[in-house]
Structure formats: structure tokens, C-alpha cells
Amino acid sequence: MRTRNLFLRWTLLLSLLVSVPAAGRSWLGAFFSPKATGISSVSSVGTGEAAFVQADLLLDMNGVYRAWNDSPGLQLRVAADYVIVRGALATGTTLSWMAGPGLMFGYVSDSDNVFGFSGSVTAGTSLMFDFLRKVGIVLSFSADMGLHYSRSDGHPIMRSYRNGYFRAYYPELRLLYQF
Amino acid sequence: MRRILPVILAFLLSSLPLAGRGGKVFAAMEWGAGITLADIHLYNYLLEGGYRMNGSEVYFGGKINAYWQGSIGCEISPTWSLALNAGYEGVDRQYRVYPVTLRATHYLQSSTTDGWFLYGEGGAGFWSISDISVVLGRLGAGYRIALTRHTLLDFLLSYRLSIRNPDLFDPDSTRQIPPERIALNHLYANKLTLSVALSFR
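Thresholds applied
- Residues numbered from 1 in each chain as written.
- Chains lettered and ligands numbered in written order.
- Predicted model: local features only at pLDDT ≥ 70, side-chain atom pairs only at ≥ 80, totals over all residues.
- Heavy atoms only, no water.
- Helix = DSSP H or I, 4+ residues; strand = E, 2+ residues; numbered from the N terminus.
- Buried < 20%, exposed > 50% of the residue type's maximum accessible area, 1.4 Å probe, protein only.
- Contact = heavy atoms within 4.5 Å.
- Areas by Shrake-Rupley, 256 points an atom, 1.4 Å probe, with all protein chains shown as cover.
- Salt bridge = Lys/Arg side-chain N within 4 Å of Asp/Glu carboxyl O.
- Polar contact = N/O pair within 3.5 Å; in protein donor to acceptor, adjacent residues only side chain to side chain.
- Pairing = 2+ DSSP bridges.
- Core = buried A, V, L, I, M, F, W, Y, C linked by side-chain atoms within 4.5 Å.
- Phe/Tyr/Trp six-rings, centres within 6.5 Å; stacked < 30°, edge-to-face > 60°.

A.B. asks: Honestly, the overall build of chain A in this entry has me stumped. Any pointers?
C.D. replies: When you go through chain A residue by residue, the secondary structure sums to two helices and nine strands. When the helices and strands of chain A are placed in sequence order, the string is α-β-β-β-β-β-β-β-β-α-β. Buried residues in chain A amount to 42% of all 179 residues. At a minimum sequence separation of 6, the contacts of chain A that also span at least 24 residues come to 56%. Working note: accessible area of chain A is about 9,200 Å², and carbon and sulfur atoms make up 68% of it.

A.B. asks: Looking at this structure, how should I read the interface of chain A and chain B?
C.D. replies: Put simply, an interface is often sized by how much accessible area is lost when its parts join up. With 13 residues of chain A at the interface, the matching set in chain B holds 16 residues. Linking chain A with chain B are two salt bridges. A salt bridge links Arg133 of chain A to Asp114 of chain B; the shortest N-O distance between them is 2.6 Å. Here chain A and chain B share four residue pairs in polar contact (both at pLDDT 80 or more) between them. Sorting the residues of the side of chain A that touches chain B by element identifies strand E7 (135–152) and strand E9 (172–178) of chain A as the ones contributing at least two each.

A.B. asks: What should I look at first to understand unusual backbone geometry in this one?
C.D. replies: Excluding glycine, most residues fall at negative phi; most peptide bonds, likewise, are trans. Residue and element names in this part refer to chain A. A positive phi angle, close to 70°, is found at Lys134, a residue other than glycine. Secondary-structure assignment places Lys134 in the loop between strand E6 (115–130) and E7. Using a relative accessible area of 40% as the deciding quantity, one classes Lys134 as partly exposed. Look at Asp153: it is not a glycine, yet its phi comes out positive at around 50°.

A.B. asks: Can you help me understand the environment of Phe117 of chain A in this one?
C.D. replies: Turning to its location among the elements, Phe117 of chain A is positioned in strand E6. Spatially, the C-alpha atom of Phe117 of chain A lies 9.8 Å from that of Arg151 of chain A, the residues being 34 residues apart in sequence.

A.B. asks: I'm lost on the pairing of strand E6 (residues 115–128) of chain B in this one. Help?
C.D. replies: Here is the key point about a regular strand: its side chains alternate between the two faces of the sheet. Residues and elements named next belong to chain B. Pairing between strand E5 (residues 95–107) and E6: 10 bridges, direction antiparallel. Looking across to E6, one finds that Val100 is bridged to Ala124. Pairing of E6 with strand E7 (residues 131–146) involves 13 bridges; the strand directions are antiparallel. Its bridge partner being in E7, Gly122 is matched across the sheet by Gly137. Turn length for the E6-E7 hairpin, with the two strands adjacent in sequence and antiparallel, is two residues.

A.B. asks: Looking at this structure, I do not really get the environment of Thr94 of chain A. What am I missing?
C.D. replies: Residue and element names in this part refer to chain A. Here Thr94 shows up in strand E5 (residues 94–109). Along the chain, Thr94 and Phe131 lie 37 residues apart, while their C-alpha atoms are 6.6 Å from each other. Those residues in contact with Thr94 that sit more than four places away from it in its chain are Arg86, Gly87, Ala88, Met128, Phe129 and Asp130.

A.B. asks: Could you clarify how one ought to interpret the nonpolar core in this entry?
C.D. replies: Across soluble globular proteins, nonpolar side chains have a tendency to be buried as a group. Of all hydrophobic cores here, the largest spans 12 residues; its members are Phe32, Phe131, Val135, Ile137, Leu173 and Leu175 of chain A together with Trp31, Ile145, Leu147, Leu153, Val196 and Leu198 of chain B. Elements represented by at least two residues in this core include exactly E7 and E9 of chain A together with strand E9 (182–200) of chain B. Those residues within four positions of Leu198 of chain B in sequence are excluded, and the remaining contacts are Ile137 and Leu173 of chain A together with Ala27, Ala28, Met29, Trp31, Leu147, Leu152 and Leu153 of chain B. One finds Trp27, Phe52, Val138 and Leu176 of chain A within the second-largest nonpolar core, a separate group that totals seven residues.

A.B. asks: Teacher, can you tell me more about the packing of aromatic side chains here?
C.D. replies: Geometry of an aromatic ring pair is reported as the spacing of the ring centres plus the angle between the planes. Within this structure, the stated rule accounts for 14 aromatic pairs over all chains. An angle of 50° between the planes, with centres 6.0 Å apart, marks the rings of Trp27 of chain A and Phe52 of chain A as tilted. Of this pair, Trp27 of chain A sits in strand E1 (residues 26–32) while Phe52 of chain A sits in strand E3 (residues 51–60); the two residues are 25 residues apart in sequence, bridging distant segments of the chain. Note on Trp27 of chain A: relative accessible area 2%, which makes it buried. Pairing Phe117 of chain B with Tyr119 of chain B gives two aromatic rings, centres 6.1 Å apart and planes at 40°, and the pair type is tilted. For the residue pair Phe117 of chain B and Tyr119 of chain B, the accessibility class agrees, reading buried in each case. By way of ring pairs, the aromatic residues Tyr107, Phe115 and Phe117 of chain A are connected into one cluster.

A.B. asks: Is there a simple way to explain the pattern of salt bridges in this structure?
C.D. replies: For side chains of opposite charge, pairing can occur when their charged atoms come near one another. Scanning all chains against the criterion turns up 22 salt bridges over all chains. Close ionic contact of Glu49 of chain A with Arg25 of chain A constitutes a salt bridge, the shortest N to O distance being 2.7 Å. In this pair, Glu49 of chain A sits in the loop between strand E2 (36–45) and E3 while Arg25 of chain A sits in the loop between helix H1 (2–19) and E1, placing the two residues 24 residues apart along the sequence. We note a salt bridge from Glu89 of chain B to Arg160 of chain B, for which the minimum N-O separation is 2.8 Å. In this pair, Glu89 of chain B sits in strand E4 (residues 80–92) while Arg160 of chain B sits in strand E8 (residues 151–164), placing the two residues 71 residues apart along the sequence. For the residue pair Glu89 of chain B and Arg160 of chain B, the accessibility class agrees, reading buried in each case.

Structure below.
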């Protein structure tokens, strides 16, 4: 319980740090995926909105939807997304294809269903629909490469975080409102 | 299954000529989560010793289940639409089915603008093609935001009823009670569900 409280304090601090440098437009909304669900924020940075910063606070749903796991884990994800191609659709919607690196910290269960701390480097690609109605939809895929630390009978176990790349093909959807 | 499938087919076939007369076809995906308000179990069955169990029980509980579904539908008038939904849904703890339902939606203004709508649906949940395991119903209301003329975002709040026959066990031998000893065994699960939908037309 003490470790969870400590973890919550750190995630709050990190999410504050992330929201400070954002200067342009920013969106807040919900994150939906078979792998996790939670709240998400996207902020534009740079001139001409050449890049975005995504910050997500998520419940890791590994095994929860299929009921072989009772409790969700917790993740904080921060990623940069650089615009590769941008175009306007006939309906006034702006479409941007983006890709970029990021970081993930979390207390999550791995594919063997054992909970532990994880720190990973992430890579992702996103498709952002920026509607005229102040609503944005981001469809994305991401993979995490990192380590997973758990304890078993008092012994520490450090392994690669396999769920990070096993679940890379799970789609992610963000529904965002621009403030 | 045999009783419900012709009904669904008849509805779908009746909407086809409407689609040709200006009704527009749409596809949608919807997902959400619900919380159980109350489970009501009505039962009447014989134990192995010949003792009859007869009664009803109500369980209150905060079980949370999620669902996902895709749907194909047709706008049969500016304010009404019919859709066939199929997906994957948690009905109870450790109990998941593939629901197939038919939904009727009434838009208070129009199906292509911002506004409120009411909807109702009915159908069945399947374990496999031949094995119907749950009867499903839903009544709800929602708010539609037209992102563009072709992309619509819905927020939905609904009441979900599912009726099924849970397995019954003899308390002494812990063996399952065979169907010929069961006169009545219905579990009515009442749920409140919040969901989001994106539809494309």
C-alpha cells in the first residue's frame, strides 16, 4: 500500500511537469484501448503546430476485460508526436499523421499476470482528426520497450516488460475536447 | 435462436426497400461500461433428495462489466433509424457473450445534427452460433454531436436488462442440477451503462 501511495505522488508530480511547457492549443479527453483506459491530454508545441505532446494517466486493463485479472494497473505515459504529413479534408477536418518517442512509468501486471513496477521507452504513431467542432479524435498504435520489476517470495525479479510489445497491435483511441 | 433469428431477418429485409428510397446506411462502433444495480433470481427446482427449492432472491452489487459492439444500420426517416449490432459483452462476473441485437433510435431533432435521442434494443447473447445463453434488452437516451456531416459522436446512458438461466448446484453433492428437475430458473440482471459511439454515414 505504501508503494502505491508513493507511486501516485510521483505520477501527479510528473503530470504537472508535463503540462507546464505546453504553449499552443491543448485538448483534454478520454483514452480507450483494449490495453488501457483513462484520461489523456494533448498539447501542441512549436511553430505551426509541428509537434504535439501527449500525456496519459491510465488504468492498465491487462486481463481485466477477459476476467483473468481482477485489478487494473496504473500507467503514466508521456510522448512527443512529430507531424509527418498534414492535410485538410473537404469537410473542414484537418488530418495529421504523426510519430514519435515517449516514456512510460507504471505499476502494471505483465503477461504472466504478476504485478510490478515498469519503466519503458515507447514508440508510437498516430492519426489525428482535428474537427471544426473543437473535438479531436486520435487513433494510434504504440509499443513499449522496457523493464518490469516484481518480487516473488522476497526475491527481486527483473525482466523485460513483455506486454509492452505483445500488445503493440492493440489500437488506441483518444476522444479529446479542445480548451 | 430459432425464434429470434427470423424476427431479426424480417426487420432487416423490411428496411432494405427503405434504404433504396433515400434512407442512408451508416456504420458505427460503440463501447462502454456498466454497473450492476440489482440481480433478481427467480427459481423453482428439485434437489437430489426430493426437496423443492422455490423462491426469489435479490442481490445488490457493484459489479462492473464492459462491452464493445459494431453496428450497421439504416436511417428510415429523418428522425428514425434501425441498426443491427454485434459485439462482445460482459454480462456478469466471469460471464461473457457475443450479443446480437436490433436497435431502434428516435432523434428528437434530426439524425445529422446535434441533439438528444432515445433508443431501445432487443436481442440475444450467444456463446456459439447455436447456443443462445442470454436474452438482452436496452433502453436509453443519448446526445449526438455532429463532428462533420459524415462523422457523428454519441454519448449514451442506458438501462440494460439481461435474462439468463444460471447453473444450479445441489448444496450436498455439489453436482449440477439437471434441466428436468428445474421448473423455473431466471436471473434478471439490471445494469446502468455509460457508453460512447462513433458513427459514419
